[in-house]
Each structure stands twice: as C-alpha cells, then as structure tokens.
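# What the coordinates show
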Amino acid sequence: MKILGLSQIFPNKFANHDGKFVLKRIKILLEALEVKIIAPIYFRLPRTSFNAPAYEEIEGVPTYHPRVLTLPFITRWINGLLYFLSILPTALQMRGKFAYQLIYVHFIYPDGFAGVLLAKLFKIPIVVYALGSDVNLIKDRTMKKILSKWVIMNANKVFCVSNDLKLKILAF
C-alpha cells in the first residue's frame, strides 16, 4: 500500500528535532508500506525559511517541503485552506509518480483539513491522528473548532493518543 503522510511538524535539515515522534511513527509504517511525506514549511513574514530544501530524505523517509504562506494572527482562520493550496501542486506531482492509496495525517488542524480536502479530491481514504495540542488548545466557538469538527466528521478514521482525548473529540 502506498501512503501519503502530512505533518506540519516534521524534521528537516534546519530543524532536525521537530516532529521526531511523527518520524518515529512513519518509520514504523515504512517497515511494511511505502510512505512519502509532505511536511510543509511555513513562510512567515517577516521571517523566512528559504534555506530548507524542497525535497530531502530524512532517515530513509522521502520528504517534500512546500512552502505555506501565513501572516501571524491575520490568516489563522484560513490556515487550513492556505495549507491545502500550498501543498496541492506537490500532491498532484507526487500522485503522477506515486499513486498513494491513503492519506495519513498528524494533527487535526490545519493538516487534517488539508488532508481531507486532498482525500475528497482523489477519492481515497484518510486517517487522522489526534495528538493532544490540536484538540486541547482549541477554544469554544472558534472557527478552528468548527473546522476541526468538520475534519473529524469527514475523516475515515480518527485515532487518539489517549482515551481522555477521545472523549474530548466526541464532545465536539
């Protein structure tokens, strides 16, 4: 089976400690499956991240780093859409050479939002892994909570790191 992984928190050449827990999960999948990762790098004004490569292999994991434009505090409510639009060209290009059959996402928003849109576009299943901060830091009555609920309702499967987190998600 071929899997496309999405995670905004994933190691790269310049931040090799970011997302080590996600890398560990992906490496376990690689033991039996083919996996490639899209790990976007945020292009935040005024700070930039042009130095990170567009593609690299991280401990044997093929990893693509498209850039996602965000403006702190201004674009927060549309970050999921910006994420999707930014990774779409890479996802389309990969699809031609690597016909992934499943999308595997860490974090409900914005990763899960972009992943569900990709899954709907390609008519393939999506699995979302809720890790805690993506649920615990959501305030009531925010656009992020509404969009997170949409992700949960549209994902084929949602995994949680704990039963407590599962109960919080069910309460959405």
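Residues numbered from 1 in each chain as written. Predicted model: local features only at pLDDT ≥ 70, side-chain atom pairs only at ≥ 80, totals over all residues. Heavy atoms only, no water.

Another aspect to go through is the environment of L6. By the element assignment, L6 lies in strand β1 (residues 2-6). For the pair formed by L6 and H106, sequence separation is 100 residues and the distance between their alpha carbons is 6.6 Å. When near neighbours in sequence (up to four residues on either side) are disregarded, L6 contacts I38, Y83, I87, I103, Y104, V105, H106, D111, A114, G115 and L118. (Helix = DSSP H or I, 4+ residues; strand = E, 2+ residues; numbered from the N terminus. Contact = heavy atoms within 4.5 Å.)

Now for the packing of helix α3 (residues 108-122) against helix α5 (residues 143-154). Where α3 meets α5, the axes come as close as 9 Å, and the angle between the chain directions of the two elements is 45°. Judged by the inter-axis angle, α3 sits oblique to α5. Crossing of α3 against α5: the hand is left-handed. Where α3 approaches α5, its residues I108, Y109, G112, F113, V116, L117 and K120 are matched on the opposing element by K144, L147, S148, W150, V151, I152 and N154. (Axes fitted to C-alpha atoms, helices over the stretch in contact; angles between N-to-C directions. Parallel < 35°, antiparallel > 145°, perpendicular 65-115°, else oblique. Left-handed = near helix turned anticlockwise from the far one by under 90°.)

Moving on, we come to the packing of helix α2 (residues 79-97) against α3. Between α2 and α3, whose axes approach to 9 Å, the crossing angle comes to 45°. As summarised for this structure, α2 and α3 are arranged oblique, according to the angle between their axes. In this structure, α2 meets α3 at a crossing whose hand is right-handed. Between α2 and α3, the contacting residues are N79, G80, L81, Y83, F84, I87, L88, A91, L92 and R95 on the first element and Y109, P110, D111, F113, A114, L117, L118, L121 and F122 on the second.

Reading across from one edge, β4-β5-β2-β1-β7-β8-β9 is the order of the 7 strands in this open sheet, with mixed pairing throughout. In the strand order of this sheet, the two ends are held by β4 (55-58) and β9 (157-160), each with one partner. Ignoring strand direction, the axes of neighbouring strands in this sheet form an average angle of 25°. Note: strand β7 (residues 102-106) against strand β8 (residues 126-130), 4 bridges, orientation parallel. If you follow V105 over to β8, its bridge partner there is V128. Against the sheet, helix α6 (residues 163-170) engages β8 and β9, with an angle of about 135° to β9. (Pairing = 2+ DSSP bridges.)

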